[in-house]
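# A closer look at the structure
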Amino acid sequence: MKQAILLNPGPVVLSDHVRRSLQQPDLCHREPEFFDLQDRIRQRLLDVYALDDADWVAVLLSGSGTSAMEAMVSSLVPADGELLVIENGVYGERLSEIARVHGISHTAVAHRWDQAIDLDRVEQALQQSTELTHLAVAHHETTTGRLNDLTALAELCRRHKVKLLIDGVSSFGAETIDFDQWPIAAVAATANKCLHGIPGLSFVICRRQQLNQCQPRTLYLDLNRYAKAQAKRGTPFTPAFPAFYALDAALQELADQGGWQQRQARYGQLAERVRQCLHSVGIEGMLPTEQSSVVLRSYYLPPGMSYKHWHDYLRDQGFIIYAGQGHFSSEMFRVSTMGQITDQDIDRLCRAMRAGILEGLNSSASGDAA
Ligand SMILES: *Cc1c(COP(=O)(O)O)cnc(C)c1O
């Protein structure tokens, strides 16, 4: 089967370098070869944002991004802690769901999915409850492509002495995360989005101090258990070692290519080209560019075209786009520019999209006339 160009928000198309890394020897996860690999990845993850390992620790988990979110929230809010959750899409709502499942005392500041974070309401919530210890938020809300403004939110948290738990699953490695200035307790992320690894491995970048206050609420997702084992060149359970090979290679590639800033610039260029192409045929993005991530954008469906029709047409041309979530599924589609995507891929995509839209419009126009 020919490799389709994946424009879904992960898993991504791999580079040859990452794909080749999967050809390395099978490993026993109780041998030094595995621990060397694990150590290297944990260091490379800190290096992505130039973090000092005196203050920060990277904890690896075998599981998708949600397992890192769940390990972070369920472990880091102490028994007597209280969580405020920001919801403006599926992933913010998932953070609340995690709190609910684990019986963590929490309240949410809910928004419509197309809304930016309302800082006044967040401030009210912070003032109302003096017991709040943590605030959880999706950095890049992949539901819509909104890059939530964490600088302003972080300032509020600092003033109210509340620590940030960030879902950075679709931003780590390609967007600004200010580990120095924001009062971050932890960031959860995954191997197979902006870092270009394969699915099966996720991680939490955690402030070391926070690990002392850990409260395990599950056996398997107990963050501190992983942190302790990994610090001593160990692992509590069987890790998805092929995903470790891929992430190691992917992190090396990210560094060689100039780090997250270069990746941000690259994604931004590709996303901008897609936006301009769609704009030229009358298709607009759902959010203004300055509120959007570089990673993914949402667009209105071409007039008179169902998502299925549009998806299937592009799939035939070799491109996999992504549906809108929930009630957005009938009006929107999403395009991510993560992964090994070339300028030529985007040229071909733009030609295909333009042709499809002009054709679709023509056929509906002739349908009207008939
Ligand atoms: C993809 C994603 C997740 C996790 O999804 P998994 O399917 O569990 O990997 C979590 N948060 C955000 C913002 C995401 O984009």
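Predicted model only: the values in this text are computed from it and were never measured.

### Examining empty space enclosed by the protein
Using the criterion set out here, one finds 2 cavities of 30 Å³ or more in the structure. As a volume, the largest cavity reaches approximately 60 Å³. Lining the largest cavity, in full, are Gln38, Leu60, Leu61, Ser62, Tyr220, Tyr226, Gln230, Thr235, Phe237, Thr238, Pro239 and Phe244. Of all the secondary structure elements, the ones that give two or more residues to the lining of the largest cavity are β2 (56-62) and α8 (223-231). When residues in the lining of the largest cavity are grouped by element, the largest group, 3 residues, is from β2. The class makeup of the residues in the lining of the largest cavity is 7 nonpolar, 5 polar and no charged. Estimated volume of the second largest cavity: approximately 30 Å³.

### A closer look at unusual backbone geometry
Residues Gly10 and Pro11 are joined by a peptide bond in cis, for which omega reads -10°. A positive phi angle, near 50°, is found at Arg233, a position not held by glycine. Topologically, Arg233 is positioned in the loop between α8 and α9 (241-256). Since its relative accessible area comes to 34%, Arg233 is described here as partly exposed.

### Some points on the sheet that holds strand β8 (residues 163-167)
In spatial order, the strands read β2-β10-β9-β8-β5-β3-β4; together these 7 strands make up an open sheet with mixed pairing. With partners counted over all chains shown, the strands left at the sheet margins are β2 and β4 (106-110), one partner each. On average, adjacent strands in this sheet sit at an angle of 20° to one another, irrespective of strand direction. Relative to strand β9 (residues 184-190), β8 runs parallel, the two being bridged by 4 bridges. Within β9, the position partnered with Leu165 by the bridge is Ala186.

### Regarding the pairing of β8
With 4 of 5 residues buried, β8 is to be regarded as a mostly interior element. Pairing analysis gives 5 bridges linking strand β5 (residues 134-138) to β8, with the strands arranged parallel. Its bridge partner lying in β8, Ala136 is registered against Leu165.

### With respect to the sheet that holds strand β14 (residues 332-336)
Read across the sheet, 3 strands follow the order β11-β14-β13 without closing on themselves; strand pairing throughout is antiparallel. Every other strand in the sheet has two partners, leaving β11 (296-300) and β13 (322-323) as the edge strands with one partner each. Relative to β14, β13 runs antiparallel, the two being bridged by 2 bridges. Counted as the bridge partner of Tyr322 is Arg334 from β14.

Thresholds, definitions, all that
- Residues numbered from 1 in each chain as written.
- Predicted model: local features only at pLDDT ≥ 70, side-chain atom pairs only at ≥ 80, totals over all residues.
- Heavy atoms only, no water.
- 1 Å grid on protein atoms, 1.4 Å probe; cavity = no way out; pocket = protein on both sides within 12 Å on 5 of 7 lines; lining within 4 Å.
- Points joined across faces, edges and corners; volume = space filled by probe spheres on them.
- Helix = DSSP H or I, 4+ residues; strand = E, 2+ residues; numbered from the N terminus.
- Nonpolar A, V, L, I, M, F, W, Y, C, P; charged D, E, K, R; others polar.
- Buried < 20%, exposed > 50% of the residue type's maximum accessible area, 1.4 Å probe, protein only.
- Pairing = 2+ DSSP bridges.
- Axes fitted to C-alpha atoms, helices over the stretch in contact; angles between N-to-C directions.

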